[in-house]
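# Coordinate inspection notes
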Amino acid sequence: MSLVDPTDSLERQNEKLLKIADALMQRVEYGTEQSSAAYVQFERAALLEKRVRERTNELERTLDLLHQSNSQLAQANEETEAARRNLADAIETVSEGFALFDPLDILVMCNSRFCRDFKDITEVLHPGLPFDTYVQEISHSTYLALPDGMTSDKWAEQRLKSHRDRHVMFNVRLVQDRWLQVSEHRTSNGGTVVLQTDVTDLIRLERQERDRLKDKQTRMIRATLDHLNQGVCVFDENARLVGWNRKIGTLLALPARRLQLGASFSSLLQQLDDQIVFTRGIGPDGFRDWAYSGRPQGPISFEIKHGTTMTLQVFGRGMPDQGFVISVTDVTAEREAAQKLAEINEILERRVVERTMELEDALAAAERANASKSRFVAAASHDLLQPLSAAKLFIASLADRDQPGTDRAVLSKAEAALGSAEQIIDALLDISKLDSDEGISFDVRPVALDDVLGPLCDEGDVLARDHGLELRYVPSSVIVDTDPAYFRRIVQNLVSNAIRYTQTGKVLVGARRIADSARIEVWDTGPGISEEDQLAIFEEFRRLDPNASDNEGLGLGLAIVERACTRLGHALDLRSSLGAGSCFKVTVPLSGRSVRNKQVSRRIAAPVGLAQAGLVVLLVENETQLRRALTVMLESWGVHVIEAEDAASALSLLEDLDLKPDLLLLDYQLGPGPSGLDLFSEIKSRLGPLPCAIISADRTDALKEACKKQTVELLPKPLDRHKLGAFLDAIADGSERF
């Protein structure tokens with residue numbers, strides 16, 4: 001709102017402005033209440049005019065923007081309409097039926113070729129049509145040729161199910177033998193493009209080509225069937241003959257007038273009833289049931305006899321179209337050969353049985369002979385050990401006395417000779433036990449190699465120096481699983497052989513880790529062993545060069561090594577060549593457990609202070625010589641001995657003397673009557689616990705366990721005077737507990 005009218009003349013406007021200015025000056029000069037109110041009204045009017053002017057300007061700018069937006073919208077609508085017309089023109093030029101559905105499966109647009117073959121639904125094809133309605137209309141169209149057994153609802157259900165896939169392509173059959181190929185493609189926003197292509201010409205061409213190929217294949221199949229050695233016939237799903245070759249008529253003696261297209265399986269089988277006999281597999285009823293089962297048949301195979309001489313094998317298999325094919329093969333020659341082979345096999349089996357029985361008898365005889373040999377060796381060794389032990393004890397008793405130098409030398413040689421005889425008997429016993437399945441068991445446990453190899457090499461060092469050799473041992477911290485006693489015997493024999501047969505140089509003993517095993521190796525610089533003799537050296541009493549060892553040993557050491565390694569499952573290997581030395585290798589499994597530090601037992605060469613102890617010993621031994629030898633040796637040590645021959649005389653003697661001895665020395669085998677352990681139990685029941693040692697040549701584990709169970713010391717024959725002295729000394733010191 002303006003204070004002056006702009007249409008007034010300048011004079012009129014100046015006049016009004018002067019009045020306004022005068023009024024303002026008066027208000028300033030006089031300041032009355034009335035003038036103040038008028039001035040306030042004037043200020044408000046001026047402020048309102050300013051605000052109205054600002055709002056008017058804003059509205060004008062808004063109207064300008066609106067006009068500009070409307071102009072742009074109109075231009076966009078024109079461009080959109082142009083694009084729609086261009087898209088419609090473009091899809092109209094497509095030679096295929098085209099339709100576009102939005103992400104909600106609503107028809108957006110389609111061209112005139114879309115569903116033009118379904119003339120009865122063209123009226124419903126307009127934008128906004130749902131996809132499922134479109135499918136329902138197609139399924140009920142009279143121009144759609146449904147597959148056999150398919151209903152409109154079922155077709156629509158399958159069509160909507162395939163619509164869920166991202167890419168769809170299938171053929172739709174129309175009436176008048178026409179075909180459409182329908183494909184669906186997804187757009188980037190989730191819409192669907194449906195294309196319909198007329199593929200009638202392609203399918204008809206494909207049919208013609210397939211029929212041509214079928215005719216060609218039929219001719220090829222016919223030629224192939226005629227060149228087969230088997231007779232073949234093919235039946236359709238109704239068991240009607242549709243193909244065959246000439247061989248089938250020859251094998252089954254069927255006249256040509258019977259082998260005709262369309263002949264039934266039943267009639268052909270009936271023609272053969274009088275000529276064939278089912279011999280192996282199914283019978284004629286089962287064959288007929290198989291052919292008329294009405295479903296793809298599983299394979300069948302059987303044999304028939306045609307006439308009196310010909311054997312035929314029949315094989316049948318179903319085909320995918322529910323037909324079946326049958327092949328017939330002449331197997332007469334094969335069956336005759338098989339029959340002759342069966343007869344020959346029967347003859348051979350009888351001969352094998354007879355020969356096997358002969359071999360079993362021979363084997364049983366050999367086993368009996370071997371067992372008899374083992375028993376003989378054990379018994380002979382036991383019988384030899386008795387006088388041998390007596391001789392050693394007599395000589396030991398003489399050696400303890402003061403003798404001239406020459407006599408002492410003779411006694412030393414006699415004792416050495418008896419020791420050699422004892423070693424031979426021990427070796428024979430070991431071989432006998434290792435060859436037998438009875439009387440032997442192994443105590444396999446963790447063993448530190450250093451605890452076995454170290455002492456062995458210390459003992460062998462003296463022998464090596466006597467031969468002018470160097471014996472070197474490489475210490476090892478390896479722990480293995482083995483039987484410590486037999487393992488020590490194995491390595492001891494290998495080291496002894498290496499020293500005995502090496503003239504100059506050295507012997508090296510050590511161990512190597514090989515995966516989860518340890519390989520103990522014994523090297524020497526001896527003459528070596530030829531390849532042809534490397535197996536023979538493990539035979540009993542086999543010595544390749546008797547002069548090379550200065551007549552020491554009888555060739556039993558390696559036989560014991562080979563048998564012990566075999567029974568323990570330790571691999572034994574030999575590497576040697578003439579003039580280059582030898583290396584014996586024994587492979588032993590590593591142990592996963594640790595072993596305690598070995599406690600060195602106190603060895604006593606001879607009893608000390610027994611005379612002061614005044615021990616009284618009850619000695620029961622049925623061998624007179626051994627009993628007398630033991631008595632002489634014990635009395636030479638200052639021990640009082642009470643002798644008895646058997647259990648009855650020992651008990652009677654104790655009862656008559658009314659004496660409790662300090663310890664018992666009892667032979668295990670006392671002849672008829674109680675054994676040494678039985679006698680110990682009886683004396684213990686009468687006199688209470690007493691220290692006891694059982695003397696025996698029996699080295700079985702059963703006896704060891706029995707002695708251990710009764711807390712009895714076991715002293716093997718031949719009796720070792722040092723072990724006996726250690727036992728007596730422990731009793732005298734009071735360190736032996738019972």
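All figures in this text were calculated on a predicted structure; none of them were measured in a lab.

## Focus: the overall build of the chain
- Along the backbone of the chain there are 19 helices and 23 strands.
- In the chain, the proportion of contacts linking residues at least 24 apart, taken out of those at least 6 apart, comes to 58%.
- By element, 52% of the accessible surface of the chain is carried by carbon and sulfur atoms, the whole surface being about 44,000 Å².

## Describing helix α12 (residues 484-501)
- Helix length check: α12 (18 residues) gives 26 Å between terminal C-alpha atoms against 26 Å at 1.5 Å per residue, within 8%.
- Of the residues making up α12, those classed as buried are Pro484, Tyr486, Phe487, Ile490, Val491, Asn493, Leu494, Val495, Asn497, Ala498, Ile499 and Arg500.

## Topic: the pattern of salt bridges
- All chains considered together, the criterion is met by 14 salt bridges.
- Among the ionic contacts, a cluster of salt bridges with common partners joins Asp117, Arg178 and Asp198.

## Structural notes on the pairing of strand β11 (residues 324-330)
- As judged from the five bridges shared by strand β6 (residues 231-235) and β11, these two strands associate in the antiparallel manner. Bridging across to β11, Gly231 finds its partner in Val328.
- Where strand β10 (residues 310-318) lies against β11, seven bridges are found, and the strand directions are antiparallel. Across the sheet, residue Gly318 finds its bridge partner in β11, namely Phe324.
- Turn length for the β10-β11 hairpin, with the two strands adjacent in sequence and antiparallel, is five residues, and the turn residue Gln322 shows positive phi of about 75°.

## Digging into the sheet that holds strand β15 (residues 506-514)
- Pairing within the open sheet is mixed, and its five strands lie in the order β13-β15-β16-β18-β17. Looking at strand neighbours, the two that pair on one side only are β13 (470-473) and β17 (571-576), the edges of this open sheet. This sheet shows a mean twist of 15° between the axes of neighbouring strands, independent of strand direction.
- As judged from the six bridges shared by β17 and strand β18 (residues 582-589), these two strands associate in the antiparallel manner.

## Describing the packing of aromatic side chains
- The tally for this structure, following the rule as stated, stands at 14 aromatic pairs.
- Considering the side-chain rings of Phe287 and Trp290, the 6.2 Å spacing of their centres and the 25° angle between planes classify their relative orientation as stacked. Highlighted residues: Phe287 and Trp290, both in helix α8 (residues 284-291), separated by three residues, approximately one helical turn.
- An aromatic cluster is defined as three or more aromatic residues linked by ring pairs; in this entry it consists of Phe235, Phe265, Phe278, Phe287, Trp290, Tyr292, Phe302 and Phe324.

## What to know about the packing of helix α15 (residues 624-636) against helix α19 (residues 721-733)
- Interaxial distance between α15 and α19 falls to 12 Å at its minimum, and their mutual angle equals 55°. Classified by the angle between their axes, α15 and α19 sit oblique to one another. Here the hand of the crossing between α15 and α19 comes out right-handed. Residues Leu630, Met633 and Leu634 of α15 pack against Arg721, Leu724 and Leu728 of α19.
- Its residues placed into classes, the contact of α15 with α19 shows five nonpolar, no polar and one charged.

## Regarding the state of the cysteines
- Within this structure, the stated rule accounts for zero disulfides.
- Left unpaired, Cys692 is separated from the closest cysteine sulfur, that of Cys707, by 8.1 Å.

## Structural notes on empty space enclosed by the protein
- One pass over the full model with this rule turns up two cavities of 30 Å³ or more.
- By volume, the largest cavity is sized at about 200 Å³.
- Taken together, 18 residues make up the lining of the largest cavity; nearest its centre are Leu252, Phe265, Leu272, Phe287 and Ile326.
- Breaking the lining of the largest cavity down by element, the ones donating at least two residues are β6, α6 (246-252), α7 (265-271), β8 (276-280), β9 (300-306) and β11.
- The element best represented in the lining of the largest cavity is α7, accounting for three residues.
- Looking at the lining of the largest cavity residue by residue, the classes come out as 18 nonpolar, no polar and no charged.
- If you add up the space inside the second largest cavity, you get close to 80 Å³.
- Around the second largest cavity, the lining residues are Phe118, Tyr134, Val135, Ile138, Trp155, Arg159, Phe170, Val172, Val182 and Gln196.
- Sort the elements by how many residues they give to the lining of the second largest cavity and helix α3 (residues 131-139) lands first, with three residues.

## Re unusual backbone geometry
- One non-glycine residue with positive phi stands out, namely Cys115, at about 60°.
- With respect to the secondary-structure elements, Cys115 resides in the loop between β2 (107-110) and α3.
- Residue classification places Cys115 among the buried residues on the basis of a relative accessible area of 0%.
- You will see that Ala515, though not glycine, has its phi angle at about 55°, which is positive.
- The topology assignment puts Ala515 in the loop between β15 and β16 (517-524).

## Some remarks on the packing of helix α11 (residues 449-466) against α12
- The contact between α11 and α12 brings their axes to 10 Å, and the two run at 30°. In this view, α11 runs roughly parallel relative to α12, as classed from their interaxial angle. In the packing of α11 onto α12, the handedness of the crossing is right-handed. Contacts from Leu449, Val452, Leu453, Leu456, Glu459, Gly460, Leu463 and Ala464 of α11 reach α12 at Phe487, Arg488, Val491, Gln492 and Ile499.

## Structural notes on the confidence of the model for the chain
- Per-residue pLDDT for the chain averages 78, and the proportion of residues at 70 or more is 77%.
- For the stretch residues 548-552, pLDDT sits under 50, and the model shows 11 contacts to residues farther than four places along the chain or on other chains.
- A low-confidence stretch, residues 594-606 stays under pLDDT 50, and its non-local contacts, those more than four residues away or across chains, total 14 contacts.

## Quick look at the nonpolar core
- Membership of the largest hydrophobic core comes to 37 residues, with the highest contact counts inside it found for Leu449, Ile490, Leu494, Val509 and Phe584.
- Looking at this core, the elements that each hand over two or more residues are α11, β13, α12, β15, β16, α13 (557-568) and β18.
- Residue contributions to this core peak at eight residues, all from α12.
- For Leu449, the residues in contact, after removing those within four places along its chain, are Gly454, Tyr473, Ser476, Val478, Val480, Phe487, Ala511, Ala518 and Ile520.
- Among the nonpolar cores identified, the runner-up in size contains 28 residues, and Leu251, Leu259, Ala263 and Leu312 belong to it.

## Thoughts on the sheet that holds strand β4 (residues 178-186)
- Read from one edge of the open sheet, five strands run β2-β1-β5-β4-β3, paired in antiparallel fashion. Looking along the sheet, the strands with just one partner apiece sit at the ends: β2 and β3 (168-174). Neighbouring strand axes in the sheet, compared pairwise and without regard to direction, differ in orientation by 20° on average.
- As judged from the five bridges shared by strand β1 (residues 97-101) and strand β5 (residues 192-198), these two strands associate in the antiparallel manner. From the neighbouring strand, Phe101 faces β5, where its bridge partner is Thr192.
- Contacts between α3 and the sheet are confined to β1, β4 and β5, with β5 contributing the most and set at about 20° to the helix.

## Some thoughts on the environment of Arg488
- Here Arg488 is to be found in helix α12.
- The sequence separation of Arg488 and Asp451 amounts to 37 residues, and the corresponding C-alpha distance is 9.8 Å.
- The residues contacting Arg488, other than those within four sequence positions of it, are Val452, Leu456 and Glu459.

## What to know about the pairing of β9
- Most of β9 is tucked away, with five of its seven residues classed as buried.
- As judged from the four bridges shared by β8 and β9, these two strands associate in the antiparallel manner. Paired with Val277 across the bridge in β9 is Lys305.
- Where β9 meets β10, seven bridges bridge the pair, whose relative direction is antiparallel. Bridging across to β10, Ile300 finds its partner in Gly316.

Cut-offs and rules
Residues numbered from 1 in each chain as written. Predicted model: local features only at pLDDT ≥ 70, side-chain atom pairs only at ≥ 80, totals over all residues. Heavy atoms only, no water. Helix = DSSP H or I, 4+ residues; strand = E, 2+ residues; numbered from the N terminus. Contact = heavy atoms within 4.5 Å. Areas by Shrake-Rupley, 256 points an atom, 1.4 Å probe, with all protein chains shown as cover. Expected span 1.5 Å × (residues − 1). Buried < 20%, exposed > 50% of the residue type's maximum accessible area, 1.4 Å probe, protein only. Salt bridge = Lys/Arg side-chain N within 4 Å of Asp/Glu carboxyl O. Pairing = 2+ DSSP bridges. Axes fitted to C-alpha atoms, helices over the stretch in contact; angles between N-to-C directions. Phe/Tyr/Trp six-rings, centres within 6.5 Å; stacked < 30°, edge-to-face > 60°. Parallel < 35°, antiparallel > 145°, perpendicular 65-115°, else oblique. Left-handed = near helix turned anticlockwise from the far one by under 90°. Nonpolar A, V, L, I, M, F, W, Y, C, P; charged D, E, K, R; others polar. Disulfide = S-S within 2.5 Å. 1 Å grid on protein atoms, 1.4 Å probe; cavity = no way out; pocket = protein on both sides within 12 Å on 5 of 7 lines; lining within 4 Å. Points joined across faces, edges and corners; volume = space filled by probe spheres on them. pLDDT = per-residue confidence, 0-100. Core = buried A, V, L, I, M, F, W, Y, C linked by side-chain atoms within 4.5 Å.

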